[in-house]
Every structure is written in structure tokens, then in C-alpha cells.
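# Observations on the model geometry
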There are 2 protein chains.
Amino acid sequence: MQTQTSHNDHSGSDARQSAPLSATLLTIGDELSRGEIIDSNAAFLGSELTALGVYVRKRIGCNDRLEDIVAALDDAARSGSLIFASGGLGPTSDDLTVDAVSAWLGVSPVQEPVHEERMRRRFAERNFAITPNNLRQVRIPAGATVLSNRTGAAPGFSVEKNGVRAFFMPGVPREMKPMFSEQAVPLLSAVLPQTVTVRRIYRTLGLGESHVDHRLADLLSSTEAQRHAQQVSVTIHYRLAFPEVLVTLVASGADATRLDEALAVLDVEVRRRLGHALYGTGEDELSAVVGKALLARGQTLATAESCTGGMIGQTLTAVPGSSAYYLGGVVAYDNSVKRGVLGVSEATLQEHGAVSEACVRQMAESVRTLLGATYGVSVSGIAGPGGGTPDKPVGTVWLAASSPERTLCRLIQWPGDREQVRKIATAAALNLVHKLMFPERLSDPALRL
Amino acid sequence: MQTQTSHNDHSGSDARQSAPLSATLLTIGDELSRGEIIDSNAAFLGSELTALGVYVRKRIGCNDRLEDIVAALDDAARSGSLIFASGGLGPTSDDLTVDAVSAWLGVSPVQEPVHEERMRRRFAERNFAITPNNLRQVRIPAGATVLSNRTGAAPGFSVEKNGVRAFFMPGVPREMKPMFSEQAVPLLSAVLPQTVTVRRIYRTLGLGESHVDHRLADLLSSTEAQRHAQQVSVTIHYRLAFPEVLVTLVASGADATRLDEALAVLDVEVRRRLGHALYGTGEDELSAVVGKALLARGQTLATAESCTGGMIGQTLTAVPGSSAYYLGGVVAYDNSVKRGVLGVSEATLQEHGAVSEACVRQMAESVRTLLGATYGVSVSGIAGPGGGTPDKPVGTVWLAASSPERTLCRLIQWPGDREQVRKIATAAALNLVHKLMFPERLSDPALRL
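Residues numbered from 1 in each chain as written. Chains lettered and ligands numbered in written order. Predicted model: local features only at pLDDT ≥ 70, side-chain atom pairs only at ≥ 80, totals over all residues. Heavy atoms only, no water.

Before going further, it helps to spend a moment on unusual backbone geometry. All names here are of chain A. Look at the link from Gly 384 to Pro 385: it is a cis peptide, with omega at 0°. Considering the arrangement of structural elements, one finds Pro 385 in the loop between strand 16 (375-381) and strand 17 (396-402). Not every positive phi belongs to a glycine, and Asn 162 is a case in point at roughly 50°. Structurally, Asn 162 is set in the loop between strand 8 (156-161) and strand 9 (164-169). (Helix = DSSP H or I, 4+ residues; strand = E, 2+ residues; numbered from the N terminus.)

Taken residue by residue, the interface counts 70 residues in chain A and 69 residues in chain B. Remark: the boundary between chain A and chain B carries 6 salt bridges. Here Arg57(A) makes a salt bridge to Asp68(B), at a shortest N to O gap of 2.7 Å. Along the contact surface separating chain A from chain B lie 34 residue pairs in polar contact (both at pLDDT 80 or more). With 8 residues, the single largest contributor to the side of chain A that touches chain B is strand 3 (residues 55-62) of chain A. Here the residues of the side of chain A that touches chain B sort into 24 nonpolar, 27 polar and 19 charged. Pairing analysis gives 3 bridges linking strand 15 (residues 326-331) of chain A to strand 14 (residues 326-331) of chain B, with the strands arranged antiparallel. The residue bridging Val330(A) from the neighbouring strand is Val330(B), located in strand 14 of chain B. (Contact = heavy atoms within 4.5 Å. Salt bridge = Lys/Arg side-chain N within 4 Å of Asp/Glu carboxyl O. Polar contact = N/O pair within 3.5 Å; in protein donor to acceptor, adjacent residues only side chain to side chain. Nonpolar A, V, L, I, M, F, W, Y, C, P; charged D, E, K, R; others polar. Pairing = 2+ DSSP bridges.)

A word on the side chain of Arg273(B). All names here are of chain B. Within the secondary structure layout, Arg 273 lies in helix 11 (residues 256-274). You can call Arg 273 buried: its relative accessible area is 12%. Within the structure, the side chain of Arg 273 is placed 3.0 Å from the backbone oxygen of Arg 215, a separation counted as a polar contact. Here the side chain of Arg 273 touches Asp 218 through a polar contact of 2.6 Å, side chain to side chain. (Buried < 20%, exposed > 50% of the residue type's maximum accessible area, 1.4 Å probe, protein only.)

Residues and elements named next belong to chain B. Pairing is antiparallel across the open sheet formed by 4 strands, whose spatial order is 10-11-9-12. Where the open sheet ends on each side, the last strands, each with one partner, are strand 10 (233-241) and strand 12 (278-281). The sheet shows a mean angle of 20° between the axes of neighbouring strands, taken without regard to direction. With 9 bridges connecting them, strand 10 and strand 11 (residues 244-253) associate as antiparallel partners. In the strand pairing of strand 11, His 237 is matched with Thr 248. Running at roughly 10° to strand 9 (residues 196-205), helix 11 makes contact with strand 9, strand 10, strand 11 and strand 12 of the sheet. (Axes fitted to C-alpha atoms, helices over the stretch in contact; angles between N-to-C directions.)

Turning to the sheet that holds strand 8 (residues 164-169) of chain B, a few remarks are in order. Sheet strands line up and pair through hydrogen bonds in the backbone, either parallel or antiparallel. With respect to topology, 12 strands assemble into an open sheet ordered 7(A)-8(A)-9(A)-4(A)-2(A)-3(A)-2(B)-1(B)-3(B)-8(B)-7(B)-6(B), the strand pairing being mixed. Only two strands of the sheet have a single neighbouring strand rather than two, namely strand 7 (145-147) of chain A together with strand 6 (145-147) of chain B. When the angles between neighbouring strand axes are averaged without regard to direction, this sheet yields 20°. Relative to strand 7 (residues 156-161) of chain B, strand 6 of chain B runs antiparallel, the two being bridged by 3 bridges. Directly across from Val146(B), in strand 7 of chain B, lies its bridge partner Phe157(B). Of the strands in this sheet, strand 3 (82-86), strand 6, strand 7 and strand 8 of chain B touch helix 8 (residues 173-188) of chain B, which is tilted by about 155° from strand 8 of chain B.

The next subject is the nonpolar core. By size, the foremost hydrophobic cluster in this structure holds 76 residues, and its most contacted members are Val379(A), Leu399(A), Val379(B) and Leu399(B). Ala304(A), Ala332(A), Cys359(A) and Ala354(B) belong to the second largest nonpolar core, which has 32 residues in total. (Core = buried A, V, L, I, M, F, W, Y, C linked by side-chain atoms within 4.5 Å.)

Looking now at the relation of the copies chain A and chain B. Expressed as a screw operation, the relation of chain A to chain B combines 1.7 Å of axial shift with a rotation of 180°, fitting to an RMSD of 2.1 Å. Expressed as a symmetry operation, the mapping of one chain copy onto the other fits a two-fold axis. (Least-squares fit on C-alpha atoms with pLDDT ≥ 70 in both.)

A complete count under the given rule lists 12 aromatic pairs over all chains for this structure. For the ring pair Phe84(A) and Phe167(A), a centre distance of 5.1 Å and an interplane angle of 5° mean the geometry is stacked. Of this pair, Phe84(A) sits in strand 4 (residues 82-86) while Phe167(A) sits in strand 9; the two residues are 83 residues apart in sequence, bridging distant segments of the chain. Comparing Phe84(A) with Phe167(A) shows no difference in burial state: the two are buried. Judged by centre distance (5.7 Å) and plane angle (45°), the rings of Tyr333(A) and Tyr326(B) are tilted. A residue pair is termed interchain when its members come from two chains, as with Tyr333(A) in the loop between strand 15 and helix 14 (335-340) and Tyr326(B) in strand 14. Pair check on accessibility: Tyr333(A) and Tyr326(B) agree, each one buried. Cluster of aromatic residues (ring-pair linked, three or more members): Phe44(A), Phe84(A), Phe167(A) and Phe180(A). (Phe/Tyr/Trp six-rings, centres within 6.5 Å; stacked < 30°, edge-to-face > 60°.)

To continue, consider the environment of Asp68(A). With respect to the secondary-structure elements, Asp68(A) resides in helix 4 (residues 66-79). Here Asp68(A) falls in the buried class, since its relative accessible area comes to 7%. In sequence terms Asp68(A) and Ile28(A) are 40 residues apart; their C-alpha atoms lie 9.7 Å from each other. With residues up to four places along the chain from it excluded, the contact list for Asp68(A) reads Cys62(A) and Arg57(B).

In C-alpha cells, the structure reads:
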């Protein structure tokens, strides 16, 4: 993953160094080290803290061993003034975080009365006996500030040692996330930077990461943008979410009005430079952007898929409410289905093959008519690893999008593995529908999709 | 995530302490700290190293700053005799791993001739000019052992300092994984534990994690299994890959013959206890298991999907070679498609609704006939978040699987979010086809799917 960060030259310092607060993330648990689960907690905390203006300098993962947890805390305390830890607060003898933090502070674990009372009440209601293990998980280190657990049994807690503030939360994401947002963040507000931070996401398709980077490279030094950017600290981040490239503009400053003004100018400039590679902004993925456009016009879509095997329909229907504009489609994986259900002619299949302009044109037009949709979109390609020929190597994909007025066809050739070819074919198909709806997007010859 | 580990009592020690080799994982990149991507590399390396008998003691994540990478290497070297690092080998000025390792070792970076020559050749073929940035990424620290990169431009490398061996690999998973398996592991073989370690995966569907755990809980203390297990060290791990529960048996011992004998006995016992919840073993997911069974019988499958919107087809066609048995299907998302293409009767939709036994029965039988397949499978349900009623709440899904002889229908009710409901519906649909092919699997009343 390649990430380029551009800083405003006139802010006088790198945001990393100027950030008043550095944090270390600590994720505790053998199952993480054995790779049985992926550490999604660190990603959640990293993303949230970055948005709050906290610089995450280090991530540490350690196992459920008391001395390793204590060593990790000492290490984390050297890297910054904040520690955010998750894991090891459960009921079993493997869960040692309370004991380790108590040892680190030189205090004893004590029962936390509110969570203990709640646990006793719930067990009584179900006529269950409480075991010593159950009671283990309602302990906290003596003197710690409780972080209430709304979605689980074990309390979290916050402690301070030598000016370092540390937060300890459960490892289960559905307990950790609300505890962080509702309990830890309010406690942090006194120490958080007194700046406003805004994050804007620009979503592009059809340009490589290096081309997107090139188009935005000197954004912050262009005259008008610069004049405004001087009032705020701005960084640009690039992220490849194959096959899309996402651009994130992170801006912060003490004055909210100036921040808004600077962002408005930068926004115009970013849009101008990205041109028709830009298909949307914010959290909405391509499928949701296409869906909202269809919904706004009261139009509908049908799909005819060969090599994607249902991925386009699956992607469209992952969006809640998609039944308002997506009618359905035909997965024409075998040529018999292309012929029998979609009426692709035997002549087309014989003369041009299933991976051809003639075939996808017939597929898109046919599924549009068959389902009575405003638009039909189709894909036929060679996803590999087998099936390639010198003429049509693996990665050759034909696409078509059809409206009552016209049918657009496109050829893409993308050397890659089966999963990549199918993903790019799905994105290219949805993008072609979007271009059919917004024909001005067809005008950029630099776009590859 | 709940993980229970059972150790052979007679092995005399915890695997953590007896393992001769400890490793630290190091993942490098600002984008990880900012939470823009989840650290899947650490999970992959943790899982692979655990299987090789290496104890992963610590995970460190650091940003693309030279001094932080050097400090992390010093730290990692204190935690064990092996370091596995990924990230920071790209072409941009942010990619500092080669410089940091060179500084750590006190050597200079040098060009790696094989990867440089390959890069020059590829650029020449495309008439591209090579930039200094391109050449940056074919450097390695002087004296390092090259790890060849089969799927990307940048070489990895391995170095040794004060008895600690460190491996540096790209951050892109599709480059890192083959480099680890094909380049790093062979270099490790001299230092790996001289025991044979075997890992067996048992794949189950239809039982909750706690029920699978309960069925296997005393596996290692049952008489005959125990007699054999004493000769080897055996652990059992459970992992929820929603909605499947995977059981991994990890066995190791110095004597390969004894290990095989013990595993044969344990295998019989595990299969007996898991019963018909077990649908397969090894790496093959349910879609591949169903596919191989179809292929072996020369039979074919067609799909009719409503709430899954193409997910069943997409899952089936993710398997290379699936065109030999999967013909395709109809995504009947809107009721007009259920009527118009699949011939579901207006009476059925009026009297029973689209989410009903009658509807999925007609969908499965119709798609089987329409596409001329041996089997038809169908799904219609309420994935949410909207659309639920008191009678049919969100999570209500009807499924059917049809053969020339009969049609099986099933109702599942799974409270969960949209993604979960669609995933469980897809797994349940494929499982129902598998049960139709292997009717003995229909006999276990404890199975929920």
C-alpha cells in the first residue's frame, strides 16, 4: 500500500511532529498473535484517533502473559502520552489485563461495584450461580476510573501513570467501539487538540494511483489554494481500494470559519484536477452512488453476468433499499444460458465468441428488455486462471451498458488473478452505467475504465 | 472470539514456553496506524508461523519514519531470535525500510541487480522511462540475502544481526504471501524445530461455536485417543468463519510414524463427534466442496436468488473451473422477475408472499428446468434493515434445493445485520444442495442449517 502525504509548506512543521498528542495502541491476546483473528480493533482506534487529531505513533500486540503486558505498557508509555488498549478483560484465567495493569501501577485489583451488581442481578434473574471466574471480569485496578460497558459484562477503565493516560477496553469489537466513543472520548476532551479536524473523501475510478497522485501533487502550492491552506493544516492521503483510488483530504485549524473557507477552495481545485475520474465523495461506494442516481430519476437496472457470476448483483444488493431500483438479472455463466435465456444468437457465439462486443451488446440489450428495466448492463470475460488464448488472454473483459437510446460497449484488459479480474469487471460495469447516466464522464480519454 | 486450547497433559509443558523459537512481527506503514487498512499481514504471518512451530511473542506496528523503524527493530530483536517485517519497500520517498535496515546494520543500500534488470527490461518493453523513484525500490541493504519477488517489483531480503535473523517483505499481501512461503520458509528450515507439525482443518456448518466445542471438549481424554495423543503434542483451536465453525487440530512430535498413527485415531474420533455438521476438511470452502461433488458426478447446478442478489452465484464462480458444473441462474430481486422469468404464480405471491415455502419451491424447480441443470437452488428472504413484519421479521429466509427426484425446502430465522443474513442464506443454500447430494447429512436434528 502506497501512501503519499503532502504537507502545507507554510504550516512550518510536519503534522506528525507538531501534533501535541501521540498515542500507542496496544492489542492483547494470543489469538491475535496466532493469526486466528485479524486485529480490526487497532484499525478502528487508529482511524478514530486520527480523526480526533491524535497521532498514532506505534502499535503493539502482546500475548496474554502478565510480564509481557507490563513490558508493553512500559514501552507504550515511552512512545506517547496516551495508550489505548483492548483485550484480556474476559472471565478466564487467560485474561490477565487487570492483573498486569495493577502490577504496573503497584496497586491491587478491586471489584467494580456497579458492574458486579448488574452481573449478580442478571444471574439471579436466570437462576444461574455466579462462579469466581464470572466475578474476575468485574474487577478493575484500585483507583482506576471506570469505563462503563453498555454491551457486555466486563467494565473498562482508565488509569494515569507519570503523565501518561491509558485506556483499557474489552477485545470484543461490539463492546470496545461504543466504550471508546461514549466513555473514553469524553474523558479525552480536556486533552484533545483545540482544533477542528475535517476529513473529506474523494472517490476515483479509471486512473492509477500514481496518476491520481500526479494530478494532485502540487495542489497545496497552487496560488489560491495555498493562500487558504496557510490558515489551516492540510494533508492529502491516497489509498488504493482496488480498483478504486480514494483521496482523503484532512484539514485542521483553530478557526472553523477559516477552515470551511479553505476547504471550499480546495474542494473546487481537487474536483477540477480529478475531472471525470471522480465519481463521488464520502462513504458511498460506486454501487450506492449509481443506486442513488437511479432512485433520484425513478429508473431501474438489470444485469447480465458471465465471468462475474453474480458479483455485480451482489454488490448492488449489498446496499439497503436497492430493491427500489435494481430489478435483478441473469447469470449467464454457461453459453447455453446466454443463448436460451438471453437470446444471444448462435452466429454471434460461433463468429465472435462469448467474450466479444457483439455478445455483451446482445446480453445487455436483452436483459434490459426481458426484465423491463431502464438500463441493462452486461459482462463477459476471461477471469482465469484457465481459458486464455493468444487473442484473448486472461483479463480480457467485454462490457456493455444499454439504455432506451443507446448501448455503450467497452473492452478492458487487466492482467491479474481471478479475483482481481472479477472485481475490476464489476467496478467497470457499474462505472459504465454511471457514465451512461452522466455522459459528460465519457469525455476524458485518460480514464482506463 | 472464543478459543479453547487443550494441551496433552503428558507433554509436560506449555507450548509457549517450550518452543525454542520466538518471533516478532513488524508491520510498517502510516496507513496502518491511521486505520486506513487492517493489518491482515500480521494475521497471515502469525498463523503460518504458529503452524511451523514458531511462537509469535510480539507484534509491533510502526510508521514510515526511519528512527521509529530502527527503534522497532532493536525492540523486536530483544523479544526473540526471528523478525518478520512487511511494508515500506515501495517506490516513494515514504518507503524507508531499506534505509532503516541499512542504518540498523551500519551498511549502505545497494541496487539488487536481478530485480533491477527485470524492471529495466519491462519498462523498455513498454517504452516507459525509468525514474529514480522506480530504482529506489530495487535496493537492498549491502550483504543482505535477496528474497525474490515473483508477483511485484520490489525484492525482499533477509539479514542477520547478533544472532537475530530478520526477514523484510513487501506490504502488499499478494507479494508478501508467496515471498514468505516460497523464499523465507526454505531459508528458515535449518533453524525450525526438528519436530513434525501437522495441521488438520475440519469444516462444520449448522452448530454454534459452543456446541462444536462441547462435542470435542474431552476429545483428548477419551481412552483410545489419549493413548495415542500421549505420543504427540496436540492442541485444538476453534475459529468462527461466519457462519461456519472451523476446528483446527495441530499435532506435533519428533516421530512422524507415531504422529500419523495418533492423527488417524483422532481423525476417526473427531469425525464421529462432529457427525453431519462436518461438511469437509482442509482448505476447500463449501462452494468448492459442492463443486467437486458435482464435478465427480458430472452434474450441474443453477441458482435463483432473491435477497442474496447474486451472492450464491458469485461464491460458486469464485472457484476456478466452476464453469464445468455451474450453468448460471436468475437474480429475481424484484417480484416481476420471479413472475416473468421464473414463472412464480401470482397466486403464490398473493397468498404466501415472496418469502415463503411455495415461492422458493417454484423458484428452485423453475430455474432447474429453465437452465436444464441437474439441481436448482433458490433463496428468498428479508435481509433488512427494512422490510420486516411481525410474521416475517428481518432474518427470515426460505430456501429450496431441487433435484429430478425431489425438492427440499428450509426456513431459517437468523437475527443479524444485512450482510450476516445474506451470508448465512448463501451458506445455507449451498449446504442444502450438498445435503440433497448426500442425504445422510439430513439425519442430524441438532443442525440448524
